[in-house]
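# Reading the structure
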Amino acid sequence: MGNPALSFVAIELLTGLATAAVLFLVSCGLSLIFGVTRIVNFAHGSFYMLGAYIAYSLVSRAGGPVGFWGGLLLASAAVGLIGVAMEVFVLRRLYGGPELFPLLATFGVVLVVEDAVLAIWGPQDLLGPRAPGLKGAIEVFGHRFPSYELFLIALGVGVAGGLWLLVHRTRWGTLVRAATQDWEMVGALGVRQATLFTGVFFVGAFLAGLGGAVQLPLEAADHQMDLSIIIEAFVVVVVGGMGSIAGAFLASVIIGELQTFGILVFPKLTLVLIFVVMAVVLVIRPQGLLGRPQPEAGMNRAVEVGTGAGFQVPAVLLYTLCALVLAVPLVSGNYGRVVLTEVATLSLFAASLYFMMGPGGLVSFGHAAYFGLGAYGVALLVAKLGWGMAAALAAAGVLAGVGALVFGWFCVRLSGVYFAMLTLAFAQMVWAAAVQWDALTGGDNGVLGVWPAPWAGNKLVFCYLALGLCGGCVALLRRVLRAPFGYTLRAGRDSALRCDAIGIDVRRHQWLAFSLAGLFAGISGGLYALSKGGVFPTVMSVSRSIDAIVMVLLGGLETMAGSPVGAAVFTGLREQIGSLTDYWRAVVGAIIIALVIAFPRGIVGFIGARAARLAQGGR
Amino acid sequence: MLSVRGLNTFYGQAHILSDLELEVARGEVVVLLGRNGAGKSTTLKSVIGLVRPVCGEIRFHGRSIRGLPPYAVSRLGIGYVPEERRIFTELTVMENLEVGRRPARPGAPGWTVDRIFALFPNLGEMRWRGAAMMSGGEQQMLAVARTLMGNPALLLLDEPSEGLAPLIVSRMAQMVRELKSEGLTVVLAEQNLRFAALVGDRAYVIEKGRIRHSGTMTQLAADEPSWAAYLAV
Ligand SMILES: Nc1ncnc2c1ncn2[C@@H]1O[C@H](COP(=O)(O)OP(=O)(O)OP(=O)(O)O)[C@@H](O)[C@H]1O
Ligand SMILES: [Mg+2]
């Protein structure tokens, strides 16, 4: 090829394909697992990370080509077995329950694995040795191209072919495809699903581990690699179509190339770009490029647990509890006031998510976006434009509400997992903007100097301010749920079809609920920024969205009173455990896993059920 | 062979089956007759384990199978053909049969792909075709064939005649008789009385989840006025 511009493009294409190859190794397993088990496996990024770290240990110990290639394979096999362990010891107990629970359990595994990696391999980045025999570069179109990346491309294509044969030419693959369509019928024909699911987890985890292991000579293993790859893999799976391996292949190539060329064309927009693609695909073709439309049901079932009970917290109890909480800042020191302020803001954040998730049946994976919009809104108005505190808080609520109004319009067109993924995509866009738009947001350095008005500068006063404002907002949300709007929302969740038939516009109600939830999340985010004195992009990271879901589930989905309880327990636990051990994430992860297995109705739901049983004079 | 006693099944709060009793002896074709919503499908699903009865007893060869998961019930030798057929439309005919294939079982007719195609010649002609491209009657045959590949001793057939043309229905009846002559025991849910009369040895009339009447096909025919109301729409 004589033309230098063309050959440059060709080289970049190859680089993009190498990226795509690793992305495919991770996402095809994620897609396979989702297709067969209907589990959105957050731990897939952890498998990838474990693959890299285990491979590092094996490869740096044993030298030579055998040591290197053997080490990579052995590491992948080890990760495969870890995947099997997760399926057998955790997920198997959750099949047949609400669809959200296995997903949360896998997020618990993410936290546990993060701390396990920290404990075993330490905090530093680890770069593996170069691949023996593939250290050099070869001439392609007049440019030198690393031969290891060519190997990655070949590996990606080889795995795709091998997987195709496995799925289309073996009995196991036939069962997998049948189970993807109707696993219950496969069971009625005498196939033990648990064994099939275990096998699928082995294959998926093995491939993710392989993806991490082969990445080692290119990029150092670090502690963020799990979340960064899982988000990319989600994008690939959603764009390609959940459960479709060919779709994962196609989408990996698209996303890989987009990243490579994106850096060249829009260096400031790389992070946003892939989420824009995902959002566009979800809106135009929700089932993905090569996916098949999924039957309804899905994540709305998350809410099934206990909503029939219609359990109410007695008013006396509620007021006593409020009075007790209000007395705490008087007697506690400043530390207690700071913690209580955080509990108050997170209570409102959790309650706003409950508002759409419980009665609305809308499980959002991106609620942190609105928290973050509020936090950044207040921070910028106060620190950069010198606005007063009250005006800034109000404006932050409006900003987050408008954000939710815009994103919500798209999101409520989808349901279940697809809804969750679209909310995640929008949240990641907002997060990426905060990271990359440093002229406005300060990038990773964040915005500092965000302090409350002088009269509220005292910790005691600010604590009461937070309690009052959050308490008022939660009460307001609760009031809305008792109004006809709340009942319509519940009816839409329980039977969207029937509501449509009697002329209720379910979607419009959901849209409104989404926007209101965003508005109140924005207020809580604004208060949070004021209480901390600044904001960083982490205020709207994925883990904050998941924290919110965990708080809501801790409290239970039966009553809004549960969410503040969940927020209090969650914050309290984190503070307590954080003061005892550096590994608080692992403990929180273990708690999440225990929670979904043992207390699927949440704390308040559990107590409520006990109380109801006692009242009936039963056991 | 199969004996059901005091079976009660709920969907949520709705009480669907009340104290249901059934006896099925080896080699019989027993028909569950009832109109739409009577509880026929629920009875079969309770036996195979797709729904969990709240109480009662289900015994197969004297062994209690209530509460077992469907795969375990199926492995004991009970084959289930659902009313909705639930064909794997993403798979070919051969692959559908492969999903159903289980090892041979002593005391039950053994099936191979060749024997299946001898019983259903038109399936043999379209063995590589995607199941999505088949007519309703062909899909029904495939659903039966797929379950037979598991070499069951007892076959639970849910309304195989539903939505099929009269000619295909009589082919289905012939098939059931052939299966019987192979030594298979069959429980058939039906609301089509003509079809039931063609194949059944005995029948139970079920209404609102209760058995209202039972007897041999000839007894029932003689006694029609006393139970016909339960079938009328
Ligand atoms: N999944 C379900 N959830 C709630 N109720 C159900 C469910 N499936 C069936 N029912 C109800 O249970 C009752 C019995 O249903 P079943 O399917 O057993 O009837 P059937 O005799 O097979 O009727 P058909 O001839 O229409 O197939 C009906 O009233 C039906 O509405
Ligand atoms: Mg039926």
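## Some points on the overall build of chain A
- In terms of regular secondary structure, chain A is built from 24 helices and 4 strands.
- For chain A, the residues scored as buried account for 56% of the 619 residues in total.
- Expressed as a percentage of contacts within chain A between residues at least 6 apart in sequence, the contacts between residues at least 24 apart total 81%.
- Accessible surface for chain A amounts to roughly 24,400 Å². Of this, 69% is attributable to carbon and sulfur atoms.
- Of note, chain A has its 35 positive side-chain charges centred 8 Å away from the centre of its 27 negative side-chain charges.

## Section: the confidence of the model for chain A
- Per-chain confidence: chain A averages 87 in pLDDT, with 95% of residues scoring 70 or above.
- Segment residues 296-309 of chain A: pLDDT under 50, and 34 contacts once partners within four positions in sequence are set aside and those in other chains are kept.

## Concerning the pattern of salt bridges
- Counted by the stated rule, this structure contains 19 salt bridges over all chains.
- For the salt bridge of E87 of chain A with R92 of chain A, the shortest nitrogen-to-oxygen distance reads 3.1 Å.
- Between R86 of chain B and D182 of chain A there is a salt bridge, with the nearest N and O atoms lying 2.8 Å from each other. Of the two residues, R86 of chain B sits in the loop between strand 6 (78-81) and helix 3 (93-100) while D182 of chain A sits in helix 6 (residues 171-188), which places them in two different chains.
- Classification of R86 of chain B as buried rests on a relative accessible area of 18%.
- Classification of D182 of chain A by relative accessible area gives buried; the value is 15%.
- Each of E114, D115 and R585 of chain A takes part in a single network of salt bridges with overlapping partners.

## Some words on the coordination of the magnesium ion (ligand 2)
- Those donors, S41 of chain B (OG) and E83 of chain B (OE), are the protein atoms that reach the magnesium ion (ligand 2), and they lie 1.9 to 2.2 Å from it. Linking S41 of chain B in helix 1 (residues 40-48) with E83 of chain B in the loop between strand 6 and helix 3, this pair joins segments that are 42 residues apart in sequence.

## Concerning the site of ligand 1
Residue and element names in this part refer to chain B.
- Contacts to ligand 1 come from 13 residues, most closely from N36, G37, S41, T42 and E83.
- Here an oxygen atom of ligand 1 and a side-chain polar atom of S41 are 2.6 Å apart.
- E159 is positioned such that a nitrogen or oxygen atom in its side chain is 2.8 Å from an oxygen atom of ligand 1.
- Burial of ligand 1 by the surrounding chains reaches 60%, relative to a free accessible area of 640 Å².
- Tallying contributions element by element places helix 1 first for the shell around ligand 1, with 3 residues.

## Things to note about the domain arrangement of chain A
All names here are of chain A.
- Domain boundaries in chain A define domain 1 (14-223) and domain 2 (331-541).
- Computed over C-alpha atoms only, the centres of domain 1 and domain 2 are separated by 35 Å.
- Of the roughly 410 Å² buried between domain 1 and domain 2 on both sides combined, carbon and sulfur atoms contribute 93%.
- Inspection of the domain 1/domain 2 interface yields 0 salt bridges.
- Seen at the junction of domain 1 and domain 2, the total is 0 residue pairs in polar contact (both at pLDDT 80 or more).
- Its residues assigned to classes, the side of domain 1 that touches domain 2 comprises 5 nonpolar, no polar and 1 charged.

## A few points about the nonpolar core
- Ranked by internal contacts, the top residues of the largest apolar core, which has 226 residues, are F42, F365 and M421 of chain A.
- The greatest single-element share of this core, amounting to 14 residues, is contributed by helix 15 (residues 416-436) of chain A.
- Both domains that meet at this core, namely domain 1 (14-223) and domain 2 (331-541) of chain A, each give it at least three residues.
- With 44 residues, the next largest nonpolar core counts W111, M149, L155 and V169 of chain B among its residues.

## Looking at the packing of helix 1 (residues 4-37) of chain A against helix 9 (residues 245-265) of chain A
Residues and elements named next belong to chain A.
- Between helix 1 and helix 9, whose axes approach to 6 Å, the crossing angle comes to 140°. Compared by their axis directions, helix 1 and helix 9 come out oblique. By crossing handedness, the relation of helix 1 to helix 9 is classed as right-handed.
- Taken together, the residues that form the contact of helix 1 with helix 9 break down as 16 nonpolar, 8 polar and 2 charged.

## Overview of the sheet that holds strand 1 (residues 2-11) of chain B
- Read across the open sheet, the 4 strands follow the order 2-1-4-5 (chain B); overall the sheet is antiparallel. Looking at the sheet topology across the chains shown, the edges are occupied by strand 2 (14-24) and strand 5 (63-64) of chain B.

## Details of the interface of chain B and chain A
- Opposite the 22 residues of chain B that make contact, chain A presents 19 residues.
- Where chain B abuts chain A, roughly 1,900 Å² becomes buried across the two surfaces, and 54% of that area is made up of carbon and sulfur atoms.
- On the surface where chain B and chain A come into contact, there are 4 salt bridges.
- Note that E98 of chain B is salt-bridged to R171 of chain A, the shortest N-O span being 3.0 Å.
- Inspection of the region where chain B meets chain A yields 12 residue pairs in polar contact (both at pLDDT 80 or more).
- Of all the secondary structure elements, the ones that give two or more residues to the side of chain B that touches chain A are helix 2 (70-75), helix 3 and helix 6 (136-148) of chain B.

## Digging into the environment of Q215 of chain A
All names here are of chain A.
- With respect to the element layout, Q215 can be found in helix 7 (residues 193-215).
- Q215 sits in the buried class, given a relative accessible area of 10%.
- In sequence terms Q215 and T19 are 196 residues apart; their C-alpha atoms lie 9.5 Å from each other.
- Dropping the residues within four chain positions of it, Q215 is found in contact with V22 and Y48.

Rules used throughout
Residues numbered from 1 in each chain as written. Chains lettered and ligands numbered in written order. Predicted model: local features only at pLDDT ≥ 70, side-chain atom pairs only at ≥ 80, totals over all residues. Heavy atoms only, no water. Helix = DSSP H or I, 4+ residues; strand = E, 2+ residues; numbered from the N terminus. Buried < 20%, exposed > 50% of the residue type's maximum accessible area, 1.4 Å probe, protein only. Contact = heavy atoms within 4.5 Å. Areas by Shrake-Rupley, 256 points an atom, 1.4 Å probe, with all protein chains shown as cover. Lys, Arg positive; Asp, Glu negative; His and termini not counted. Charge placed at Lys NZ, Arg CZ, Asp CG, Glu CD. pLDDT = per-residue confidence, 0-100. Salt bridge = Lys/Arg side-chain N within 4 Å of Asp/Glu carboxyl O. Donors = N, O, S within 2.8 Å, 3.2 Å for Na, K, Ca; no water. Near = heavy atom within 4 Å. Polar contact = N/O pair within 3.5 Å; in protein donor to acceptor, adjacent residues only side chain to side chain. Domains from an automatic or database assignment. Buried area = accessible area lost by both parts, 1.4 Å probe. Nonpolar A, V, L, I, M, F, W, Y, C, P; charged D, E, K, R; others polar. Core = buried A, V, L, I, M, F, W, Y, C linked by side-chain atoms within 4.5 Å. Axes fitted to C-alpha atoms, helices over the stretch in contact; angles between N-to-C directions. Parallel < 35°, antiparallel > 145°, perpendicular 65-115°, else oblique. Left-handed = near helix turned anticlockwise from the far one by under 90°. Pairing = 2+ DSSP bridges.

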